[in-house]
Amino acid sequence: MTYDAETRIYPVDPLHPDPVILRLAADALRRGGLVAFPTETVYGLGANAFEAEAVARIFAAKRRPANDPIIVHIHDLAQLDQIAVEVPPLAGTLAAAFWPGPLTFVLRRGERIPANVSAGMPTVAVRMPSGSVARALLQTVALPVAAPSANTFSRPSATTAAHVLQDLSGHVDVVLDGGATAIGLESTVLDLTGAQPVILRPGGVPLEALREIAADVQVKTHYLALDADAGASPGMLIKHYAPHAEMLLFDGEREAVLEAMRQRAETLDAEGKRVGVLAYEEDRAVFAGLNVHLHVLGALQNTDKIGAGLFAGLRALDAVGVDVILARTVEREGLGAAIDDRLMRAAEGHIVRIS
Ligand code: TXA
Ligand code: MG
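These lines cover the structure that appears in this document, whether it is placed above or below. (Residues numbered from 1 in each chain as written. Chains lettered and ligands numbered in written order. Predicted model: local features only at pLDDT ≥ 70, side-chain atom pairs only at ≥ 80, totals over all residues. Heavy atoms only, no water.)

### Some points on the nonpolar core
Residues Leu45, Trp99, Leu103, Phe105, Leu176, Leu190 and Leu210 are the most contacted members of the largest nonpolar core, which totals 70 residues. With near-sequence residues (within four places) excluded, Phe105 lies in contact with Ala91, Leu94, Ala95, Trp99, Val124, Ala125, Val126, Leu190 and Leu192. Val42, Ala245, Tyr280 and Ile306 belong to the second-largest nonpolar core, a separate cluster that totals 25 residues. (Core = buried A, V, L, I, M, F, W, Y, C linked by side-chain atoms within 4.5 Å. Buried < 20%, exposed > 50% of the residue type's maximum accessible area, 1.4 Å probe, protein only. Contact = heavy atoms within 4.5 Å.)

And the structure:
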């Protein structure tokens, strides 16, 4: 199954989104079409969340398996009652602190939301994005919008309109080009349906910030290929955000890891492989003399910058046609937890542990 459409692309000024373009995009959504739009995290591929047929087009366009549930986007807290039932008080407390922003709640699904949004589960994921184009679109259409990241399934998420078009041109009705997204990593997914809040996917709001408000927040991210018992978030497949190239993620003490990466790069080069390295500013010198495509993400302490450029970096190395990408893990602290998670998934579990 596929969804084909004549794709129209509109540049949008994030500070002053043109109401005429917003209405065009809103009309496409009301007719059951698909609209790609920037949020503060990544680009989303949106459809009317109340209409099962429109939502089905998302799965077709992305070639996304039907067992991977989608996040519903809103612009006003009052919409929550149309989407979820038995909303716990903690949702209100966390929404007051973090919405609009990169935090998604998993709640009990209300009856107006069709089952395919949630892959048939009795729950639903909801978030209120802060990105100005996303907010303006949601206000204009005045409907909840179901939107996964606007990439084809298991590819790195799209952080620019060009990425969206690489993956979805001819399969989406409208693309709103509002420039590169600010955070570059997806939202934190927090399950509020159990006795304790549980992070299912680390993202733009760090664990530490959540714990300031809810001290008992737990972390339970699954990597399906490694963990057959993954239940709560079926979308958390290990094969996710993956570049075409094979990726090896090195883990361990910095000096030893860098030496192992340097040696591996030389060996692969000698074998005739084209090698890409996703590096931090501090590591640049280690790879300087080697026959590798070096993509520097930024200085290690600047996790905002590393996060913002990570998916674009993976796509850039794919675009130059490398066979193998080498990278190393980061501290799982603050935004580092989300960065490390995406590196893990991009590497599809190919971790090289250096002792
Ligand atoms: O930042 C984001 O969250 C972006 C932008 C577009 O909002 N969206 C996004 O959507 O990353 P997607 O579909 O790529 O990832 C949604 C994640 C998946 O890991 C999925 O398993 C989880 O949210 N999820 C969605 N509904 C769920 C549910 N009912 N229960 C548990 N997990 C759910
Ligand atoms: Mg995604």
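### Topic: the site of ligand 1
Among the 28 residues in the neighbourhood of ligand 1, the closest are listed as Thr41, Arg64, His73, Ser187 and Arg201. At a separation of 2.7 Å, an oxygen atom of ligand 1 approaches a polar side-chain atom of Thr41. One of the side-chain N or O atoms of Arg64 is found 2.8 Å from an oxygen atom in ligand 1. Out of a free accessible area of 680 Å², ligand 1 has 99% covered by protein chains. Where the shell around ligand 1 is concerned, the elements lending two or more residues are strand S3 (43-48), strand S4 (71-73), strand S7 (123-127) and strand S11 (198-201). Ranked by residue count, the leading element in the shell around ligand 1 is S7, at four residues. (Near = heavy atom within 4 Å. Polar contact = N/O pair within 3.5 Å; in protein donor to acceptor, adjacent residues only side chain to side chain. Areas by Shrake-Rupley, 256 points an atom, 1.4 Å probe, with all protein chains shown as cover. Helix = DSSP H or I, 4+ residues; strand = E, 2+ residues; numbered from the N terminus.)

### Quick word on helix H5 (residues 132-141)
Every α-helix winds through 3.6 residues per turn, so residues three or four apart in the chain are directed the same way. Residues of H5 that are buried: Val133, Ala134, Ala136, Leu137, Leu138 and Val141. In this fold, the buried residues of H5 make contact with helix H1 (19-30), strand S2 (35-38), S4, strand S8 (145-146) and strand S9 (174-177). Remark: Ala142 follows H5 within two positions and exhibits a positive phi of approximately 55 degrees.

### As for the packing of aromatic side chains
Enumeration over the complete set of coordinates arrives at one aromatic pair. Sitting over the ring of Phe50, Arg112 keeps its end group 3.9 Å from the ring centre. (Phe/Tyr/Trp six-rings, centres within 6.5 Å; stacked < 30°, edge-to-face > 60°. Lys NZ or Arg CZ within 6 Å of the ring centre and 35° of its normal.)

### With respect to the layout of surface pockets
Estimated volume of the largest pocket: approximately 220 Å³. Every residue lining the largest pocket is listed: Gly252, Arg254, Leu300, Thr303, Arg328, Thr329, Val330, Glu331, Glu333 and Gly336. Residues of the lining of the largest pocket, tallied by class, amount to two nonpolar, four polar and four charged. The computed volume of the second largest pocket comes to approximately 160 Å³. Lining the second largest pocket are 15 residues, with Ile199, Pro202, Leu207, Val219 and Ala337 sitting closest to its centre. Sorting the residues of the lining of the second largest pocket by element identifies helix H7 (207-211) and helix H11 (336-346) as the ones contributing at least two each. (1 Å grid on protein atoms, 1.4 Å probe; cavity = no way out; pocket = protein on both sides within 12 Å on 5 of 7 lines; lining within 4 Å. Points joined across faces, edges and corners; volume = space filled by probe spheres on them. Nonpolar A, V, L, I, M, F, W, Y, C, P; charged D, E, K, R; others polar.)

### Looking at a negative patch on the surface
Negative charge collects at one region of the surface, where Glu208, Glu212, Glu331 and Glu333 lie side by side. Along the chain, Glu208 turns up in helix H7. Under the relative-accessibility criterion, Glu208 is labelled partly exposed at 37%. (Patch = residues over 30% accessible without salt bridge, like charges linked within 9 Å, V, L, I, M, F, W, Y side chains within 5 Å. Salt bridge = Lys/Arg side-chain N within 4 Å of Asp/Glu carboxyl O. Lys, Arg positive; Asp, Glu negative; His and termini not counted. Charge placed at Lys NZ, Arg CZ, Asp CG, Glu CD.)

### Quick notes on the sheet that holds strand S13 (residues 246-252)
Taken in spatial order, the five strands line up as S15-S14-S16-S13-S17 in an open sheet, and their pairing is parallel. Of all the strands in the sheet, the pair left with one neighbour each is strand S15 (293-296) and strand S17 (351-354). Strand-to-strand twist of the sheet, defined as the mean angle between neighbouring strand axes without regard to direction, takes the value 20 degrees. Sheet topology note: the strand S14 (residues 275-279)/strand S16 (residues 324-328) ladder contains three bridges and is parallel. Paired with Val277 across the two strands is Leu326, which belongs to S16. Docked against the sheet, helix H8 (residues 254-270) engages S13, S14, S16 and S17, running at close to 170 degrees with respect to S16. Set on the sheet, helix H10 (residues 303-319) makes contact with S13, S14, S15 and S16; between it and S14 the angle comes to about 165 degrees. (Pairing = 2+ DSSP bridges. Axes fitted to C-alpha atoms, helices over the stretch in contact; angles between N-to-C directions.)

### A closer look at the pattern of salt bridges
Counting across every chain of the model gives 18 salt bridges. Notably, a salt bridge pairs Arg30 with Asp27, separated by 3.1 Å at the nearest N-O pair. Note that Arg30 and Asp27 are positioned in helix H1 at a spacing of three residues, about one turn of the helix. On the basis of relative accessibility, which here comes to 43%, the residue Arg30 falls in the partly exposed class. Under the relative-accessibility criterion, Asp27 is labelled partly exposed at 34%. For Arg342, the salt bridge is made with Glu186, and the minimal N-O distance between the two is 2.8 Å. Here the residue Arg342 occupies a position in helix H11, and Glu186 occupies one in the loop between S9 and strand S10 (188-191), the gap between them amounting to 156 residues. A residue is classified by how much of its surface remains accessible, and Arg342, at 0% relative accessible area, is buried.

### Describing the side chain of Arg64
Tracing the sequence through the fold places Arg64 in the loop between helix H2 (52-62) and S4. In this structure the side chain of Arg64 is engaged in a polar contact, spanning 3.2 Å, whose partner is the backbone oxygen of Asp68. Engagement of the side chain of Arg64 in a polar contact is seen with the backbone oxygen of Pro69, the distance being 2.8 Å. The residues contacting Arg64, other than those within four sequence positions of it, are Phe59, Pro69, Ile70, Pro148 and Phe153.

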